[in-house]
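Okay, here's what each chain looks like letter by letter:
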Amino acid sequence: PHLLAMTATPIPRTLAFTIHGDMEISWIDEMPKNRLPVKTQVVSSSEVDEIYSKMKEEMNKGFYCYIVYPIIEESEKLDLKDASTAYEKLKSNEFKDYKLGFMHGKLDKEEKNELMKNFLEGNIQCLISTTVIEVGIDNSRATIMTIENAERFGLTQLHQLRGRVGRGSEQSFCYLIQRKSSENSYKRLSIM
C-alpha cells in the first residue's frame, strides 16, 4: 500500500474514506495479550464517594487514577464540574493523603511533559485533567478512569479517554459520572 490510515475508533472521516474511496479495511479486533476489558459503569452523582473510595484502594495498592473534567475553570454560562475547583477541593479533602497533579490544555509543553513524567514515575498518583490526556498517554499502572459530566462528551472522546486505562495486566475500571440525566444521555452512555 502507498497509504496506511490508522484509527483507534471508527471516526466519521475514516468511515467516509472507506465508503467513498478505494480503501481496504483491516480490523484489529482482539486485545493485546494479558489485557482485560475495562469494566465500564454509568454512575450518578450520589455515588461519587464510593468511586473515590475505590480510587483510594487502587492508589494504596500502587496503581494510578485519572479524573477528567469537561472544562478547566468554573463558568457562569455552563453548569459543569470544572477541573481547577475540583483539584483544589480534592487535594485538601478526599485525596489529601495522596499525590495529585493537575493537567490542562493551557499549560505549555514543558509543564505537560514534566507532569506526565511525574505521573509515570509515581510522583503523582491521581491526575486531575481535562481531555488533553485523550490520546498518547500510556501508563500501564493506571487502573481507574473517572469522567465527570460524562454526558457532555462524545462517544469517540469517551472511548479514547477509557483507553488510557487497562493498558497493563490488571483489571481496570471506567466510571462515567452522569450529572444531568436524560433519556438520551443515559442511552448514549449505556453504549459505552
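Preceding block: the structure.
Residues numbered from 1 in each chain as written. Predicted model: local features only at pLDDT ≥ 70, side-chain atom pairs only at ≥ 80, totals over all residues. Heavy atoms only, no water.

A.B. asks: Help me understand the nonpolar core, please; the structure alone is not making it clear to me.
C.D. replies: Nonpolar side chains tend toward joint burial in soluble globular proteins. Counting residues in each nonpolar core, the largest one holds 24 residues, and the members touching the most others are Y66, I133, M145 and I147. Sorting the residues of this core by element identifies β2 (64-68), α4 (109-121), β5 (142-147), α5 (155-162) and β6 (173-178) as the ones contributing at least two each. (Core = buried A, V, L, I, M, F, W, Y, C linked by side-chain atoms within 4.5 Å. Buried < 20%, exposed > 50% of the residue type's maximum accessible area, 1.4 Å probe, protein only. Helix = DSSP H or I, 4+ residues; strand = E, 2+ residues; numbered from the N terminus.)

A.B. asks: Any chance you could explain the sheet that holds strand β1 (residues 39-44) here in plain terms?
C.D. replies: Backbone-to-backbone hydrogen bonds join strands into a sheet, with any given pair of strands oriented parallel or antiparallel. Strand order in the open sheet made by the six strands is β1-β6-β5-β2-β4-β3, with parallel pairing throughout. Each edge of the open sheet is held by one strand with a lone partner, namely β1 and β3 (100-103). Averaged over all pairs of adjacent strands, the angle between their axes in this sheet comes to 20°, without regard to strand direction. Pairing of β1 with β6 involves six bridges; the strand directions are parallel. Following the sheet pairing, V42 is matched in β6 by L176. (Pairing = 2+ DSSP bridges. Axes fitted to C-alpha atoms, helices over the stretch in contact; angles between N-to-C directions.)

A.B. asks: What exactly am I supposed to notice about the environment of D29 here?
C.D. replies: Assignment of secondary structure puts D29 in the loop between α1 (12-20) and β1. Among the residues examined, D29 registers a relative accessible area of 69% and is labelled exposed. Between the alpha carbons of D29 and I67 there is a distance of 28 Å; along the sequence they are 38 residues apart.

A.B. asks: Just checking my understanding: could you explain the packing of aromatic side chains for this structure?
C.D. replies: By the definition in use, this model includes six aromatic pairs. Ring plane angle 50° and centroid distance 5.6 Å describe the contact between Y64 and F119, whose orientation is recorded as tilted. Taken as a pair, Y64 in strand β2 and F119 in helix α4 lie far apart in primary sequence, 55 residues in all. Of the two residues examined, Y64 and F119, each falls in the buried class. Each ring, one from Y87 and one from F102, has its centre 5.2 Å from the other, and the planes form 15°; the classification is stacked. Of this pair, Y87 sits in helix α3 (residues 83-92) while F102 sits in strand β3, and the two are 15 residues apart along the sequence. Overall, the relative accessible area of 15% leaves Y87 in the buried class. (Phe/Tyr/Trp six-rings, centres within 6.5 Å; stacked < 30°, edge-to-face > 60°.)

A.B. asks: I would appreciate a short explanation of the pattern of salt bridges in the present structure.
C.D. replies: Any two side chains of opposite charge can pair, so long as their charged atoms come close to each other. Counted by the stated rule, this structure contains six salt bridges. Linking E58 and K61 is a salt bridge whose minimum nitrogen-to-oxygen distance equals 3.1 Å. The class for E58 is buried, based on a relative accessible area of 8%. Note that R167 is salt-bridged to D138, the shortest N-O span being 2.8 Å. Linking R167 in the loop between α5 and β6 with D138 in the loop between β4 (126-129) and β5, this pair joins segments that are 29 residues apart in sequence. A residue is classified by how much of its surface remains accessible, and R167, at 23% relative accessible area, is partly exposed. The exposure class of D138 is partly exposed, given its relative accessible area of 48%. (Salt bridge = Lys/Arg side-chain N within 4 Å of Asp/Glu carboxyl O.)

A.B. asks: Teacher, can you tell me more about the environment of G136 here?
C.D. replies: Considering the arrangement of structural elements, one finds G136 in the loop between β4 and β5. Spatially, the C-alpha atom of G136 lies 19 Å from that of F173, the residues being 37 residues apart in sequence.

A.B. asks: Which parts of the structure should I look at to understand unusual backbone geometry?
C.D. replies: Backbone geometry follows two general trends: most residues other than glycine have a negative phi, and most peptide bonds adopt the trans configuration. Despite not being glycine, N34 shows a phi value in the positive range, around 70°. As for its position among the elements, N34 is in the loop between α1 and β1. At N149, a position not held by glycine, the phi torsion is positive, near 50°. Take N149: it is sitting in the loop between β5 and α5.

Don't take any of this as a statement about function, it's just geometry.
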